[in-house]
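A closer look at the structure
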Amino acid sequence: MNYQQFSIDYELDKICEYYLDKIQPSIWKNKFPNKNFNIEEFNHRGSETLGNRFFSNFPILFSELKKTFGENNFFGRYFVTKPQSKGFIHVDAATGNYLSNEFTAGKDFVCHTRYWSYNIPLINCTNNYQEWFSVQCDPSFLNEFNSWYFFEEKNSNLIDSLELKSPFFVNTAVPHRINNPTNEERIVLAIRTVDNSKNLLDRLSNINP
Ligand SMILES: [Fe+2]
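The rules behind these values
Residues numbered from 1 in each chain as written. Predicted model: local features only at pLDDT ≥ 70, side-chain atom pairs only at ≥ 80, totals over all residues. Helix = DSSP H or I, 4+ residues; strand = E, 2+ residues; numbered from the N terminus. Contact = placed C-beta atoms within 7 Å. Pairing = 2+ DSSP bridges. Axes fitted to C-alpha atoms, helices over the stretch in contact; angles between N-to-C directions. Buried ≥ 20, exposed ≤ 12 C-beta atoms within 10 Å, placed from the backbone. Arc of directions from axis to C-beta. Core = buried A, V, L, I, M, F, W, Y, C linked by C-beta atoms within 7 Å. pLDDT = per-residue confidence, 0-100.

**Some points on the overall build of the protein**
The secondary structure content of the protein amounts to 5 helices and 13 strands. For the protein, long-range pairs separated by at least 24 residues make up 81% of all intrachain contacts whose partners lie at least 6 apart in sequence.

Put into structure tokens, the structure is as follows:
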């Protein structure tokens, strides 16, 4: 399964406002003064990892996330996708002491697949898509973007796609990318769990059958 809808209450307008007021200006002006980004650099600007201090600005969202994932078991990030872009096909990595390692990176450390992201659409999330692929080639790990990339796209086949019209769990362990043919940035709030549970969706279906 590559995605599953999961509804919660959250302060959409306030979360968008926070991005526009506090995140977007700092990304452009302070963190990345050079604006000649390639697609991956652009897409990984996003934001720093956001913790409890960030979520405490949005009490409805904070309470729902605590109920869903458990206290101190989640963090967030604004993800921005470049207009008129198709990112590289990749698999997300998670760091930490997790149980599984479908892919290994380098000799000296092992990274682990991140299984799921809970993605909340914020700005311009229609007419663009998360796409999943079957791939033939081996991936290369890029530290800079903390992901495994599949560079031989000619041997890949589109197997699934999702327009993020509401919050969804999206599979980040199957090769995927964002295809944004629109003229606007696509802004998503991505929530990940600290425990990176592979069985997260089974657990949630027991809570909300
Ligand atoms: Fe990803």
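**Comments concerning the sheet that holds strand 2 (residues 74–81)**
Strand order in the open sheet made by the 5 strands is 1-11-6-13-2, with antiparallel pairing throughout. Two strands close off the open sheet at either side, each with one partner strand: strand 1 (3–5) and strand 2. Here the strands of the sheet are splayed against their neighbours by 30° on average, with no regard to which way each runs. Strand direction decides the pairing type here: strand 1 and strand 11 (residues 168–171), joined by 3 bridges, are antiparallel. Considered in strand 11, the bridge of Q4 is made with F169.

**Concerning unusual backbone geometry**
Not every positive phi belongs to a glycine, and N72 is a case in point at roughly 60°. The topology assignment puts N72 in the loop between helix 4 (59–69) and strand 2. With a phi close to 50°, Q84 is a non-glycine residue in the positive phi region. Considering the arrangement of structural elements, one finds Q84 in the loop between strand 2 and strand 3 (85–86).

**Quick word on the pairing of strand 6 (residues 116–123)**
The side chains of a regular strand alternate, residue by residue, between the two faces of the sheet. Judged by how many residues are buried, strand 6 sits mostly within the fold: 6 of 8 residues are covered. Pairing of strand 6 with strand 11, which is carried by 4 bridges, proceeds in the antiparallel orientation. Each bridged residue has a counterpart across the sheet, and for Y118 the counterpart in strand 11 is F169. Two elements, strand 6 and strand 13 (residues 186–193), share 5 bridges in a ladder whose sense is antiparallel. Directly across from N119, in strand 13, lies its bridge partner A190.

**What to know about helix 4**
Because each turn of an α-helix spans 3.6 residues, side chains separated by three or four positions in sequence point in the same direction. Within helix 4 the residues assigned to the buried category are L61, L65 and F69. Viewed along the axis of helix 4, the buried residues span an arc of 35°, placing them on a single side of the element. Facing away from the buried surface of helix 4 by more than 90 degrees, the exposed residues are P59 and K67.

**Concerning the nonpolar core**
Counting 30 residues, the largest nonpolar core has L65, L122, V188 and L189 as its most contacted members. Within the residue set of this core, elements represented by two or more residues are helix 1 (12–31), helix 3 (52–55), helix 4, strand 2, strand 4 (90–94), strand 6, strand 11 and strand 13.

**Considerations on the environment of I27**
Tracing the backbone through its elements, the reader meets I27 in helix 1. Counting along the chain gives 21 residues from I27 to E48, while the straight-line C-alpha distance between them is 9.7 Å.

**Here's the deal with the confidence of the model for the protein**
Chain-level pLDDT for the protein is 84 on average; 84% of the residues reach the 70-or-more range. Long-range and interchain partners of residues 96–109, a stretch whose pLDDT sits below 50, account for 16 contacts in this model, where long-range means more than four residues apart.

**Section: the environment of A173**
Checked against the element boundaries, A173 lands in the loop between strand 11 and strand 12 (176–180). On the basis of neighbour count, A173 is assigned to the buried category, with 20 C-beta atoms found within 10 Å. The spatial distance from the C-alpha of A173 to the C-alpha of N2 is 9.1 Å, given a sequence separation of 171 residues. Among residues more than four places away in sequence, those in contact with A173 are V91, T113, R114 and Y115.

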